[in-house]
Amino acid sequence: MKQVEKSGKTVEEAVEAALAELQVTRDQVEVQVLEEPTKGLFGILGGKAARILVIVKDNPVEKAKAFLAGIFERMNIEKIEIEASKKEDYIVINFKGPDLGVLIGRRGDTLDALQYLVNLVANKNSKERVRFILDVEGYRKRREETLGKLAFRLAEKVKRKGKDVVLEPMSPHERRIIHTALQDHKEVFTYSEGDEPFRKVIIAPKK
């Protein structure tokens, strides 16, 4: 955590000096006043300067980007763009570049593992938790559409044959997509079964 102690004739003067040294803006720091300034005799002799401590706030997004940049360097992945954008209650970090399939992995396994690590690292010692979703050039949106279509296709199979259909093991996020897609279906319902990482969705006919 970056911090600096400064003195000045006034608290504001000391703060400005600290911001200049740290190269940050006022909203990026916390200021602790260690000593208020005092006037000396006749306003000249024996006065004390203001003394403050300025602490740079944790920035989870910058921590996430720095962590990812280090990972990509060790993986020898070059020419990759890292873009962060705020959604409703989470931050999406999207990667752009050539040949990034290695970051996705089989059914998004590598991307999910990387996302888990980023959430741990970026939120360490932070007062407010920020949720991160990692994506590679819209992969998650395409995967969501694919799973939605799969859910309805299998629901028709369940309705036609009257038997349960067990899907392959999925991450919590992907299971949630299946459950959400079929939550209002009139003839089937869904539930999950098993232990992580082998937990599966079952689509069953309503009796």
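Residues numbered from 1 in each chain as written. Predicted model: local features only at pLDDT ≥ 70, side-chain atom pairs only at ≥ 80, totals over all residues. Heavy atoms only, no water.

## A short note on the UniProt feature "domain: R3H" (unreviewed entry) in the protein chain
Under the convention used in this document: UniProt positions are given in the numbering used here, feature names are shortened, and annotations may be inferred rather than shown by experiment. Only DSSP runs of H or I covering at least 4 residues are called helices, and only runs of E covering at least 2 are called strands; the numbering of each starts at the N terminus.
In the numbering used here, UniProt assigns the feature "domain: R3H" (unreviewed entry) to residues 141-207. Regarding residues 141-207, the helix share stands at 48% and the strand share at 21%, and the terminal C-alpha atoms are separated by 33 Å.

## Structural notes on the sheet that holds strand β3 (residues 50-56)
As a reminder, the rule being used: Two strands form a pair only when DSSP identifies at least two bridges running between them. Lines fitted to C-alpha atoms define the axes, with helix axes restricted to the stretch in contact, and inter-axis angles between N-to-C directions lie between 0 and 180 degrees. Two residues form a contact once any of their heavy atoms are found within 4.5 Å.
In spatial order, the strands read β1-β3-β2; together these 3 strands make up an open sheet with antiparallel pairing. Of all strands in the sheet, those with a lone pairing partner are β1 (3-8) and β2 (29-35), marking the two edges. For this sheet the average axis-to-axis angle between neighbouring strands, irrespective of direction, equals 25°. Summarising the sheet, β2 and β3 pair through 6 bridges and their orientation is antiparallel. Bridge pairing in β3 places E30 opposite I55. Sheet strands touched by helix α1 (residues 11-22): β1, β2 and β3. Its angle to β1, the strand with the most contacts, is close to 140°.

## Points about helix α5 (residues 139-161)
The following threshold applies: By this rule, a helix spans an expected 1.5 Å times one less than how many residues it contains. Burial classes: relative accessible area under 20% of the type maximum marks a residue as buried, over 50% as exposed, and values in between as partly exposed (1.4 Å probe, protein chains only).
Compared with the 33 Å implied by 1.5 Å per residue over 23 residues, the 33 Å span of α5 between its first and last C-alpha is a close match. When α5 is considered as a whole, its buried residues turn out to be Y139, R140, R143, L147, G148, A151, L154, A155 and V158. Of the residues one or two after α5, G162 is the one with positive phi, at around 70°.

## What to know about empty space enclosed by the protein
To keep things clear, this is the line we draw: Cavity and pocket criteria rest on a 1 Å grid covering protein atoms alone: a 1.4 Å probe that fits but cannot get out defines a cavity, protein on both sides within 12 Å along at least 5 of 7 lines defines an open pocket, and an atom within 4 Å of a point defines a lining residue. Grid points are joined across faces, edges and corners, and a volume is the space filled by probe spheres set on the points.
Taken as a whole, this structure holds 1 cavity of 30 Å³ or more when the rule is applied. Of the volumes computed, that of the largest cavity is approximately 50 Å³. Considering the residues around the largest cavity, the lining is formed by R107, G108, D112, Y139, R140, R143, S171, H173, E174 and I177. For the lining of the largest cavity, the secondary-structure elements that each account for two or more residues are α5 and α6 (172-182).

## A short note on helix α4 (residues 109-122)
Note the cut-off: Directions are taken from the helix axis to each C-beta atom, and the arc is the one they span.
Here α4 spans 20 Å end to end across 14 residues, near enough to the 20 Å set by a 1.5 Å rise per residue. Taken together, the buried positions of α4 are L111, L114, Q115, V118, N119 and A122. Seen end-on, α4 carries its buried residues on one side only, within an arc spanning 140°. Tucked into the core, α4 has its buried residues touching α2 (60-74), β5 (91-96), α3 (101-104), β6 (132-136) and α5.

## Focus: the layout of surface pockets
Quick reminder of the rule: Each residue receives one of three labels: charged for Asp, Glu, Lys and Arg, nonpolar for Ala, Val, Leu, Ile, Met, Phe, Trp, Tyr, Cys and Pro, and polar for the others, Gly being one of them. The domain limits used here are those given by an automatic or database domain assignment.
The calculated volume of the largest pocket comes to roughly 600 Å³. Taken together, 19 residues make up the lining of the largest pocket; nearest its centre are Q115, R131, I133, R140 and H173. Grouping the constituent residues of the lining of the largest pocket by class yields 7 nonpolar, 4 polar and 8 charged. Each of domain 2 (60-137) and domain 3 (141-205) gives at least three residues to the lining of the largest pocket.

## Re the environment of I71
Tracing the backbone shows I71 in helix α2. For the pair I71 and K6, spaced 65 residues apart in the sequence, the C-alpha separation amounts to 36 Å.

## Some remarks on a positive patch on the surface
Under the convention used in this document: Surface patches are drawn from residues lacking salt bridges whose relative accessible area is over 30%; two like charges belong together within 9 Å, two nonpolar side chains (Val, Leu, Ile, Met, Phe, Trp, Tyr) within 5 Å. Accessible areas in this description were obtained via Shrake-Rupley with a 1.4 Å probe; residue shielding takes into account the shown protein chains only. Whenever a carboxyl oxygen of Asp or Glu lies within 4 Å of a side-chain nitrogen of Lys or Arg, that contact is scored as a salt bridge. As used throughout, the charge tally considers Lys and Arg to be positive and Asp and Glu to be negative, leaving His and the chain termini uncounted. Taken as the charge location is NZ of Lys, CZ of Arg, CG of Asp or CD of Glu.
Together, K157, R160, K161 and K163 make up a positively charged patch on the protein surface. Looking at where K163 falls in the secondary structure, it is placed in the loop between α5 and β7 (165-166).

## Points about the pairing of strand β8 (residues 188-193)
As judged from the 6 bridges shared by β8 and strand β9 (residues 200-205), these two strands associate in the antiparallel manner. Bridge pairing links V188 to P205 in β9.

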